[in-house]
Amino acid sequence: MKKVKIIAGITWAFICLILIIILFPGLNSFSASAAKLPFMKINPNYSGGEVAQQLIATGCTLDIRKPVFDGLIKKRNKGFVQLDWRGNVPDKIVDTIDYDLDNKPDFCIFVDRDQSKTVLYPINSKVRDIIISTPTSYGWAVRVELIK
Amino acid sequence: MQKKELMTDSLILGLSSGSSCLVTCGMVMFPYLMAGSAGVKRIAIDLSLFLLTRLVIYFILATLAWYFGQALFSNQVVRNVVPGILYIVFAVMLVWYSISKNRNQECPAKIVKTVNNHRLVPIFLGIVNSLGFCPALFIILTKGATQGTLIQSYIAFLAFFIGSSIWFLPLPLAGKIRKKEVLKTIGILATGLAGIIFMIKGITNLIGGIING
Amino acid sequence: MDNALTSSGMKKSFGRSLLYTLPMFLITFMFMTGGRPDFSRPASALAMVVTFLLVNILYFLMHYTGKTDKLRAILFIIFALSLSFTLINNMLETRNSMSFSQADILECKIPFCHLVIPMMILPAAFTNSIIFPGSIIGGFANIASMVVLWLVATLVLGRGFCSWGCFYGGWDDGFSRIRKKPAIKKISEIWKWMPFAVLIMVSLTAALSLIPTYCDWICPFKAVTEFEQVTSVESATKAVIFVSLFAGLVVVLPVLTRKRTQCSFLCPLGAINTVSNKVTPFTIKIDKKACTECFKCVEVCPLFALSTEGIKEGKVSVFCSKCGKCVDACSKNAIHFGIKGVPSGTMKNFSRNLFLFVSFLFMSVFSAGSIINSLQSLLNLIF
Ligand code: SF4
Ligand code: SF4
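All of these numbers come straight from a predicted model, not from anything done at the bench.

> I would appreciate a short explanation of the overall build of chain C in the present structure.
When helices and strands are tallied, chain C shows 17 helices and 4 strands. Computed over its C-alpha atoms, the radius of gyration of chain C comes to 21 Å, within 12% of the 21 Å expected for a compact globule of 383 residues. Summarising its shape, the C-alpha atoms of chain C cover approximately 65 × 55 × 40 Å along the three principal directions. Here chain C, with 383 residues, has 58% of them falling under the buried criterion. Counting only contacts in chain C whose residues sit at least 6 apart along the sequence, the fraction spanning at least 24 positions is 78%. When the accessible surface of chain C is summed, it comes to about 15200 Å², and 67% of that surface belongs to carbon and sulfur atoms.

The following block contains the structure:
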C-alpha cells in the first residue's frame, strides 16, 4: 500500500510537470477551447445586449440593442436599452427610438457631443432616465433606463 | 428602494444573521430539535414547524414595523437620516455580536429548557428564535419601517426569512460535520463582515441623505 | 543518503547546479524567444537578455545555495512591481489616467485578473455568462487565458500559486520583509479563516447583484493597478475603502508583523487556493525524527500555516503556500519539500528538485512578459 501511494504521488507530480511544460506553448489553443464553453460570454448587463436593429444614415450607424433585464434567476423589473452610434457621428445627435419594435416611438434623444450634454424625452411610460452617455472608441454610447 | 435591491439586501442580512443564529442558538436548539427523533420524517416535521412559526412571526413583525414606520418616518428628512443612523448603530451591534466573547450566553433559545411538552418545542423555538432581537433583526425592522408599501415590507421580511432559514436546513446533518469549530469561526467572521458592509451602507446612505436633503 | 541530510544538504556543487539549471535555461530560452532571438530592437533585446539571465541565475542559486525563499521572493516581488508598472503605464498611455472610464466598461476593455474568479462561479452557473466587463479572448489579460492559467496553476501548485504565481502576493510579501524583527508578534489565529468569510460574502453578493463586488468595493490592489473614476459619494467611499485596505493590509501590517496579512486575512481567491492545496501533489512535510521542536519555522511562516501543536503532530496546514521560508529557517532540515504519498523524511532532494522545477518554471514564464515590458519601457525612458 505504501509503495502504491508513493508511485501514485510521484506519477501525479510528473503529470503536473508535463501540464506546466505544455501550459504556455498551448495557452492560445487552451484559451480558445475554454472560450467556446457555454458560459464564456459576457453578461448582457456589461456587454449591452445583442443588436436588435441597425439604422444606417450617411456615414453613421445607430445600433439599438435588445433591452436588458437579466437577473440571476429571473428577469429584473428594471433594465436598460443601449444605443451605439458608430462611424462618422454628427456633433449633435437627434434620434427617435422605437426599442420594443412596436412601430411606435418610445423616446427621443438629443446628444450634444461637444458639451457632453444628453437630454431624454420619454414617450413610452416605461422609459425612465439616462444611465450612461459617453464617448467611445467607435463613436458614442447611451444607456437608457427602462422598467418592465 | 428598488424591489431587487430590497430583496438582495434583506437576503444577505438574513444569510448573515442566520449564520450567527446557527453558530450560537443552533448549538443550543439542535439537541432539542433532534432529541428522541425517530427518523427523517420526524426531523422534517419539527423543522417545518419551526420554520413556519418563524415565518408567521416575521409577517406579524413586518406589519407592525411598517405600521409604526408610517407614523414615525413621515417626515422626509427623518426618512433620509434616521435609517442611516440606525443602520450604523445596528451594524456596530452586529460587529460587536461577532467579536463578543459571551455570545453563547446571549442565546434566547436557552429558555427552551423550561418547556416540558416535546411537541411544542419546535413552535416555541420558532417564536424565541424569531423574536431573538439579534442586531440583524433590528436592521430588518428598520427596513420594514421605511418601506413605501406594506407589500415591500413583507418582501423585505420574506427575503430575510429565506436567507436566515437556509442555515437551518442542514441542521439534521450537523452531528455528522467534523469541523464544527471551523464552520463556527467562519460563521462568526461572516457576521462581523456583514456588520461592516451594513455600516458602510449606513454611512453612505447618511451622507447621501444629507447631501440630497 | 537522501534521508541523512544536514542543514546544508540541499546545496549542490557548482557543476551539478549548472546541470540542474540547464533544462530551465533551455525551456525559458524557448519560451522567451520562440527559438529565434530578435536583436533588431536594442531596448527589447537588452530587456529580454536581462530577464533571461535574472531568471536563470536565481534558479541556479536555488540549487547552489540550497536556499529557496529569498531567491523566490526576488522574482516574485519583481513580478508584482513590473505587472503594476506595465498596467499603469498602459493605462497612462491609452487613457492618461489610472482610473478607467464608463466607456472602458461599456466596451468591455477592463483587464481581467484572477481575483474575480470566485465571484464568477455562481453567476456563470445560473446565467451562463461572465459578470465582468472584459474580453473573453484576445487583448490584454483576457478572461479565457487568465482562467486557464489560474486553473492549471492551482491544480498543480495548490496554494503554491500564492507564492509562485500571484502578481499581487508579491506586494505584501515584499512589505513583510522590510523589518528584520516583527513589532507585533501576537495575532489571533482565528483571523486566518476570514478569507473564507469574505469568499462566502462576495460570492453571494456578486451572484445576487451580478456585480463583481470584491473588485467593485474591496480589492486593495486597485491602488496599484486601476480603479473607477471618483464621480459620486459611492465611488468616493469605494476609493476610501481600497486605499485604506491597501495601506493597512498590504503595507503597514505586513511591515509590523512580518506576515502576509492581506493574503492571510482577506483574499477570497487565497481561500480557494487553500482548498486546492488538497489536490496538488506537492507539499511541505515534517520529518519528526529530525525535528527538535525549536519552532523557528512557526515563527517565520508568513501565512500562519504552522502551529506548535501541528509541528508536534508532524502536520502542516492547508494554508501553506510552499514559499520555502520555513524550510530555509530549519537548521536540521526537518521541514522539507515533499510529494504526497511519499513518507516524510524521505526523498527530500528529489521532491525539492521536482517542485522547484515546476513552480519556478511557472513563475518565470508567467512573469517574463511583464518584466521584459517594464524593463523595455524603463530603457526607452532613460535613453
Ligand atoms: S492570497 Fe490572493 S492576493 Fe495573496 S497571493 Fe494568493 S491569490 Fe494572490
Ligand atoms: S509552512 Fe513553510 S512553506 Fe508553507 S507558507 Fe509557511 S513558511 Fe511557507
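Here the narrative resumes.
> Looking at this structure, I do not really get the overall build of chain A. What am I missing?
Helix and strand counts for chain A come out as 3 helices and 8 strands. When the helices and strands of chain A are placed in sequence order, the string is α-α-α-β-β-β-β-β-β-β-β. By the compact-globule yardstick of 15 Å for 148 residues, chain A is too spread out, its C-alpha radius of gyration being 24 Å. For chain A, the spread of C-alpha atoms along the three principal axes comes to 80 × 35 × 25 Å. For chain A, the proportion of its 148 residues judged to be buried stands at 44%. Contacts in chain A between residues at least 24 apart in sequence constitute 39% of all its contacts with a sequence separation of at least 6.

> Explain the interface of chain A and chain C here, please?
Many authors give the size of an interface as the accessible area that is lost as the parts come together. Between chain A and chain C, the contact holds 45 residues from the first and 55 residues from the second. For the pairing of chain A and chain C, the buried interface totals around 4100 Å² over both sides, and the portion due to carbon and sulfur atoms is 78%. Counting across the chain A and chain C interface gives 0 salt bridges. Between chain A and chain C we count 7 residue pairs in polar contact (both at pLDDT 80 or more) in total. Residue composition of the side of chain A that touches chain C, by class: 29 nonpolar, 10 polar and 6 charged.

> How should I be thinking about the environment of Ser331 of chain C in this particular structure?
All names here are of chain C. Tracing the backbone shows Ser331 in the loop between helix 16 (325-329) and strand 4 (335-339). Take Ser331: its relative accessible area is 39%, and that puts it in the partly exposed class. Note: C-alpha distance between Ser331 and Cys294 (37 residues apart in sequence) is 9.8 Å.

> Quick question: what am I supposed to make of the site of ligand 1 here?
Residues and elements named next belong to chain C. Around ligand 1, a shell composed of Arg159, Cys162, Cys166, Tyr168, Gly169, Arg260, Gln262, Cys263, Cys267, Leu269, Gly270 and Asn273 is seen. Of all the secondary-structure elements, those providing two or more residues to the shell around ligand 1 are helix 12 (261-265) and helix 13 (268-276). Per-element tally for the shell around ligand 1: the top contributor is helix 13, with 3 residues. Taken together, the residues of the shell around ligand 1 break down into 6 nonpolar, 4 polar and 2 charged.

> Just to check I follow, could you spell out the domain arrangement of chain C for this structure?
Residues and elements named next belong to chain C. Domain annotation for chain C reports domain 1 (1-97 + 347-383), domain 2 (98-280) and domain 3 (281-345). Centre-to-centre, using C-alpha coordinates, domain 1 lies 26 Å away from domain 3. Domain 1 puts 20 residues into the contact, and the matching count from domain 3 is 16 residues. Surface buried jointly by domain 1 and domain 3 totals about 1500 Å² across both partners, of which 62% is contributed by carbon and sulfur atoms. Summed over the three residues of domain 1 that lose the most area to domain 3, namely Asp69, Lys348 and Phe355, the buried surface amounts to 39% of that side. Connecting domain 1 to domain 3 are 1 salt bridge. Across the salt bridge formed by Lys348 and Asp287, the nearest N and O atoms sit 3.3 Å from each other.

> Before we go on, may I ask you to explain the sheet that holds strand 6 (residues 117-122) of chain A in this structure?
Strand-to-strand pairing in sheets goes through backbone hydrogen bonds, with the strands running parallel or antiparallel. All names here are of chain A. Strand order in the open sheet made by the 3 strands is 4-5-6, with antiparallel pairing throughout. With one partner strand each, in any of the chains shown, strand 4 (92-97) and strand 6 form the two edges of the open sheet. Neighbouring strand axes in the sheet, compared pairwise and without regard to direction, differ in orientation by 10 degrees on average. In this structure, strand 5 (residues 107-112) lies alongside strand 6, joined through 6 bridges in antiparallel fashion. Residue pairing for strand 6: Ile109 is matched across the bridge by Leu120.

> What is the right way to look at the sheet that holds strand 7 (residues 127-136) of chain A in this model?
Residue and element names in this part refer to chain A. Pairing within the open sheet is antiparallel, and its 5 strands lie in the order 1-2-3-8-7. With partners counted over all chains shown, the strands left at the sheet margins are strand 1 (51-57) and strand 7, one partner each. In this sheet, adjacent strand axes meet at a mean angle of 15 degrees when their direction is disregarded. For strand 3 (residues 78-87) and strand 8 (residues 139-147), the ladder comprises 9 bridges, and the chain directions are antiparallel. Across the sheet, the residue bridging to Lys78 is Ile147, located in strand 8.

> When you look at the packing of aromatic side chains in this model, what are you seeing that I'm missing?
Given two aromatic rings, their pairing is described by the distance between the two centres and the angle made by the two planes. Residues and elements named next belong to chain C. Scanning the entire structure with this criterion turns up 32 aromatic pairs over all chains. Ring geometry for Trp164 against Phe355: centres 5.6 Å apart, planes inclined by 90 degrees, an arrangement best described as edge-to-face. Of this pair, Trp164 sits in helix 7 (residues 161-164) while Phe355 sits in helix 17 (residues 348-382), placing them 191 residues apart in sequence. Among the residues examined, Trp164 registers a relative accessible area of 0% and is labelled buried. Seen from their ring centres, Phe265 and Phe304 are 5.3 Å apart, and the 35 degrees between their planes marks the pair as tilted. Linking Phe265 in helix 12 with Phe304 in the loop between helix 14 (296-300) and helix 15 (308-313), this pair joins segments that are 39 residues apart in sequence.

Cut-off values and rules
- Residues numbered from 1 in each chain as written.
- Chains lettered and ligands numbered in written order.
- Predicted model: local features only at pLDDT ≥ 70, side-chain atom pairs only at ≥ 80, totals over all residues.
- Heavy atoms only, no water.
- Helix = DSSP H or I, 4+ residues; strand = E, 2+ residues; numbered from the N terminus.
- Rg over C-alpha atoms; globule rule 2.2 N^0.38 Å.
- Buried < 20%, exposed > 50% of the residue type's maximum accessible area, 1.4 Å probe, protein only.
- Contact = heavy atoms within 4.5 Å.
- Areas by Shrake-Rupley, 256 points an atom, 1.4 Å probe, with all protein chains shown as cover.
- Buried area = accessible area lost by both parts, 1.4 Å probe.
- Salt bridge = Lys/Arg side-chain N within 4 Å of Asp/Glu carboxyl O.
- Polar contact = N/O pair within 3.5 Å; in protein donor to acceptor, adjacent residues only side chain to side chain.
- Nonpolar A, V, L, I, M, F, W, Y, C, P; charged D, E, K, R; others polar.
- Near = heavy atom within 4 Å.
- Domains from an automatic or database assignment.
- Pairing = 2+ DSSP bridges.
- Axes fitted to C-alpha atoms, helices over the stretch in contact; angles between N-to-C directions.
- Phe/Tyr/Trp six-rings, centres within 6.5 Å; stacked < 30°, edge-to-face > 60°.

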